[in-house]
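Breakdown of the fold
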Amino acid sequence: VCARACAWCTNSENGLGKLNDGVGDMPHLQALSLECNSLNSLPEDLKFCTAMTELRLDDNRMGFIPPCVSSLKKLVRFRAPHNQISVVPAWLGRLTNLEALSLRDNGLRALPSSFVYLTLLTSLELSGNHLDTLPPSVLEMGAKEVRKYLQYNTPYEAVAEDR
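Quick caveat, the model's predicted, so the values are computed rather than measured.

Some details on the overall build of the protein
A tally of regular secondary structure across the protein gives three helices and six strands. Computed over C-alpha atoms, the radius of gyration of the protein comes to 16 Å, within 12% of the 15 Å expected from 2.2 N^0.38 for 163 residues, which places it in the range of a compact globule. Viewed in the frame of its principal axes, the protein has a C-alpha envelope of about 45 × 25 × 25 Å. Burial analysis of the protein (163 residues in total) assigns 45% to the buried set. A separation threshold of at least 6 residues defines the contact pool for the protein, and within that pool the share at least 24 residues apart is 28%. Surface exposure of the protein reaches about 8100 Å², of which carbon and sulfur atoms provide 49%. Computed over 16 positive and 18 negative side-chain charges, the inter-centroid distance for the protein is 4 Å.

So, in structure tokens, the structure goes:
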């Protein structure tokens, strides 16, 4: 259980199927670890955790990246490997403080062109997906090359739309 003033909260490996509302009552929360549970969504009030820099959702049952994550503008590290995520939302490109992103072993088929805006991204884990739009050789080269590939192989209109 996390106190209102805590900076780090971990609730991993507890078989959680649902996280109740109230996490948004922790405005100073900087890191939340919910690994190895059975979560398929997050409470909408998570969007009020504006100090959050790290979110770990490894090994859950997420079928999508919850929209409340789009409000976490200070997010530096986001991990959601081993879920059932099939689409990366375009708004992820607006989380411009991201330095590390792990979405490996999901059901991803494409990345949004808004990835070009993730200029601080240095660690990108996407293995174990079915990314039809990116050549495997580009994926192996890392975050910078993925951004560059998307920048030069996506029409300008599509990048502007994703923003």
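Describing helix 2 (residues 143–153)
Ala143, Val146, Arg147 and Leu150 are the residues of helix 2 that are buried. Taken around the axis of helix 2, the buried residues stretch over an arc of 100°, which confines them to a single face. Along helix 2, the residues that are exposed and aim more than 90 degrees away from the buried face are Lys144 and Tyr152. The inward-facing, buried residues of helix 2 abut strand 6 (123–125) and helix 1 (136–141).

Concerning the environment of Tyr149
In this fold, Tyr149 is placed in helix 2. Linking Tyr149 and Leu139, residues ten residues apart in sequence, is a C-alpha distance of 9.6 Å. In this view, Tyr149 contacts Thr133, Leu134, Pro135 and Val138; residues no more than four positions away in its chain are not counted.

Describing the sheet that holds strand 2 (residues 31–33)
Ordered in space as 1-2-3-4-5-6, the six strands form an open sheet in which the pairing is parallel. If you trace the sheet from one side to the other, it starts and ends with strand 1 (8–10) and strand 6, each paired once. Pairs of neighbouring strands in the sheet enclose a mean axial angle of 5°, with direction left out of account.

Quick look at the confidence of the model for the protein
Interpretation of the predicted coordinates at a detailed level should be avoided for regions scoring low in pLDDT. Confidence along the protein averages 87 in pLDDT terms, with 91% of residues attaining 70 or more. No element of the protein has a lower mean pLDDT than helix 3 (residues 156–162), which averages 47, and none a higher one than strand 4 (residues 77–79), which averages 98. Low pLDDT (under 50) marks residues 156–160, which in the prediction has five contacts with non-local residues, meaning those over four places away or in another chain.

Observations regarding the pattern of salt bridges
Per the stated rule, a full pass over the model turns up eight salt bridges. The salt bridge involving Glu145 is made with Lys148; its shortest N-O contact spans 3.6 Å. Within this pair, Glu145 and its partner Lys148 are both found in helix 2, separated by three residues, close to a single helical turn. When salt bridges that share partners are traced, they join Asp58, Arg79, Arg104, Asp105 and Glu125 into one network.

Quick word on the environment of Gly63
Locating Gly63 in the fold gives a position in the loop between strand 3 (54–56) and strand 4. Along the backbone, Gly63 and Gly93 are 30 residues apart, and their C-alpha atoms lie at a distance of 19 Å. Excluding its chain neighbours within four sequence positions, the residues that come into contact with Gly63 are Gln84, Ile85 and Ser86.

What counts as what
Residues numbered from 1 in each chain as written. Predicted model: local features only at pLDDT ≥ 70, side-chain atom pairs only at ≥ 80, totals over all residues. Heavy atoms only, no water. Helix = DSSP H or I, 4+ residues; strand = E, 2+ residues; numbered from the N terminus. Rg over C-alpha atoms; globule rule 2.2 N^0.38 Å. Buried < 20%, exposed > 50% of the residue type's maximum accessible area, 1.4 Å probe, protein only. Contact = heavy atoms within 4.5 Å. Areas by Shrake-Rupley, 256 points an atom, 1.4 Å probe, with all protein chains shown as cover. Lys, Arg positive; Asp, Glu negative; His and termini not counted. Charge placed at Lys NZ, Arg CZ, Asp CG, Glu CD. Arc of directions from axis to C-beta. Pairing = 2+ DSSP bridges. Axes fitted to C-alpha atoms, helices over the stretch in contact; angles between N-to-C directions. pLDDT = per-residue confidence, 0-100. Salt bridge = Lys/Arg side-chain N within 4 Å of Asp/Glu carboxyl O.

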